[in-house]
Amino acid sequence: MADIGSRKADHLDLATQGDVGFRNRTTLFECVELVHDALPELDVAAIDLSCTLLGKRLAAPILIAAMTGGTERAQRINRELAAIAEERGYAFGLGSQRAILKNRESLATYGVRDVMARGLLLGNLGIVQASKLSTAEVRELVGLVQADALCIHLNPAMEVVQAEGDRDFRGGLATLERLNSELGVPVIAKETGCGLSGSVADRLRARGIRHVDVSGAGGTSWVAVEMHRASGANKALGETFRDWGIPTAASVGLVARRGFDTVFATGGIKDGLDIAKAIVLGASAGGIARGALQALETGGRAGAVQFFERIEGELRTAMLLVGAKDLASLRQAPRLVRGELAAWLTL
Ligand SMILES: Cc1cc2nc3c(=O)[nH]c(=O)nc-3n(C[C@H](O)[C@H](O)[C@H](O)COP(=O)(O)O)c2cc1C
């Protein structure tokens, strides 16, 4: 079994430089048209991007989504991105905390509370690992990093392509229900690039889950990441399923109707206009993983800050041009949903 450290290093290298996007599948945000308002009667500087998510105030509806932990490089990335999140009023997600279970010394690589004293911090654990732990053990993992909420990630497509991945996914829903009722901090059911369907959303709601991150298709393909690491039959499986998943815009549209308190729209968000469209479709905030990593690793801290300034500027511009003074008005903005996205939303 490849050790977690070398797998994490592979993931960071592939996510930074590799060919790990979807081939022929997009987020479908291009199927959403927002209607131009030539008389917005707004002062750009007064447009309010703030929101409250999971009990914490954010200056803008942006999540730097879960990526890493467990290695020295991961520690630097977590700390730099968490500090930017704190400074700019975004939420920040730690990568899977599985490494802490194997090696307590790796805890420091998840330590960001000293640079993110107040902001919304999300812990992270895979569903299969969570199923094997008692609620008290999971609570301890959350406490160790001082997270405000815990993402439980769902990634069956990635696991089956990974040679050393999990194969038995039974009991996931019961685990989510147990942790949701016993943990003491909010639980977020999070995909990792294949999206959540309306049916999954219904099953989650029926078990009391109130927060989700759709992490849909069209951005980073985790099947592609694992395909590059695999050989033989696993590589071939990865080739076949590289484009598997529900496009992010479709997943947001399907899930948002189910009455969740929080819907993070992660998966291929490339600009602030995509975030605006996600919010129009019912998301609470947009999440970005690989784009943030690439901005940081190619441009350093200044590059990452510039990346997020651009995203926020684009979101603000989209709000001006539809005449929305705040996120509540943006949610009501007229929209046209075309083609393939319209078809998905009939499901
Ligand atoms: C390098 C890297 C590592 C990731 N590790 C995790 C993880 O540990 N847990 C998790 O829930 N998601 C993980 N993800 C998935 C992201 O949170 C996100 O759902 C997915 O990459 C889609 O977003 P994107 O298109 O903006 O990259 C990782 C993503 C990247 C790029």
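Everything discussed here concerns the structure shown above.
Keep in mind the model is a prediction, meaning the values are calculated, not measured.

Undergrad: Help me understand the overall build of the chain in this model?
TA: Scanning the chain from N- to C-terminus turns up 15 helices and 12 strands. The C-alpha atoms of the chain give a radius of gyration of 19 Å, which matches the 20 Å a tight globule of 347 residues would have. Projected onto the principal axes, the alpha-carbon positions of the chain cover approximately 60 × 45 × 40 Å. When the accessible area of the chain is evaluated, it comes to approximately 13900 Å², of which 52% is carbon and sulfur surface. Of the side-chain charges in the chain, 40 are positive and 40 negative, and the distance between the mean point of each set is 3 Å.

Undergrad: Help me understand the site of the ligand, please; the structure alone is not making it clear to me.
TA: Near the ligand lie 23 residues; those nearest to it are A66, S96, S215, T220 and G268. S215 places a side-chain nitrogen or oxygen 2.6 Å from an oxygen atom of the ligand. Considered on its own, the ligand offers 610 Å² of accessible surface; in the complex 96% of this is hidden by protein. With respect to the pocket detection grid, the ligand is positioned in the largest pocket.

Undergrad: Looking at this model, I keep getting lost on the packing of helix α2 (residues 72-88) against helix α13 (residues 290-322). Mind explaining?
TA: The description of two helices packed together rests on the angle between their axes and the distance between the axes. It is at 11 Å that the axes of α2 and α13 come closest, and there the two elements cross at 15°. The orientation of α2 relative to α13 falls into the category roughly parallel. The handedness of the crossing between α2 and α13 is right-handed. On α13, the residues touching R73, R76, I77, E80, L81, A83, I84, E87 and R88 of α2 are A292, L293, L296, E297, R301, A304, V305, F308, E309 and E312. Residues that form the contact of α2 with α13 fall into these classes: 10 nonpolar, no polar and 9 charged.

Rules used in this analysis
- Each residue is numbered by its place in its chain's sequence as written, counting from 1.
- It should be noted that, the model being predicted, local features are given only for residues of pLDDT at least 70 and side-chain atom pairs only at 80 or more, the latter also being counted only at that level, while totals for whole chains, interfaces and linings use all residues.
- With hydrogens and water stripped out, all remaining heavy atoms of the structure feed into the side-chain values.
- Secondary structure elements are defined from DSSP: runs of H or I of at least 4 residues count as helices, runs of E of at least 2 residues count as strands, and each element is numbered from the N terminus.
- Here the globule rule is a power law, 2.2 Å times the number of residues to the power 0.38, and the radius of gyration is based on C-alpha atoms.
- Every accessible area reported is derived by Shrake-Rupley at a probe size of 1.4 Å, with residue values counting cover from the shown protein chains alone.
- We score Asp and Glu as negative and Lys and Arg as positive, and we do not count His or the chain ends.
- All charge positions are set by atom: Lys at NZ, Arg at CZ, Asp at CG, Glu at CD.
- Throughout, the term near means that a residue has one or more heavy atoms lying within 4 Å of the molecule or strand in question.
- Here a polar contact means two N or O atoms within 3.5 Å. Within protein one must be a hydrogen donor candidate and the other an acceptor candidate, and residues neighboring in sequence count only if both atoms are side-chain atoms.
- Buried and open spaces are told apart on a 1 Å grid over the protein atoms alone, a cavity being a set of points where a 1.4 Å probe fits but cannot get out and a pocket being an open set with protein on both sides within 12 Å along at least five of seven lines. Residues with an atom within 4 Å of a point are the lining residues.
- To be counted as sitting in a cavity or pocket, a molecule needs more than half of its atoms within 2 Å of that site's grid points.
- Fitting a line to C-alpha atoms yields each axis, with helices limited to the stretch in contact; the angle taken between N-to-C directions then spans 0 to 180 degrees.
- Any angle that is under 35 degrees is reported as roughly parallel, and any over 145 degrees as roughly antiparallel; angles of 65 to 115 degrees are reported as roughly perpendicular and all others as oblique.
- Definitions for this section: a left-handed crossing has its near helix turned counterclockwise from the far helix by less than a right angle. A right-handed crossing has that turn clockwise.
- In this analysis, two residues are considered to be in contact whenever any of their non-hydrogen atoms come within 4.5 Å of each other.
- Amino acid classes used here: Ala, Val, Leu, Ile, Met, Phe, Trp, Tyr, Cys and Pro are nonpolar; Asp, Glu, Lys and Arg are charged; the rest, including Gly, are polar.

So yeah, pure geometry; function would need other evidence.
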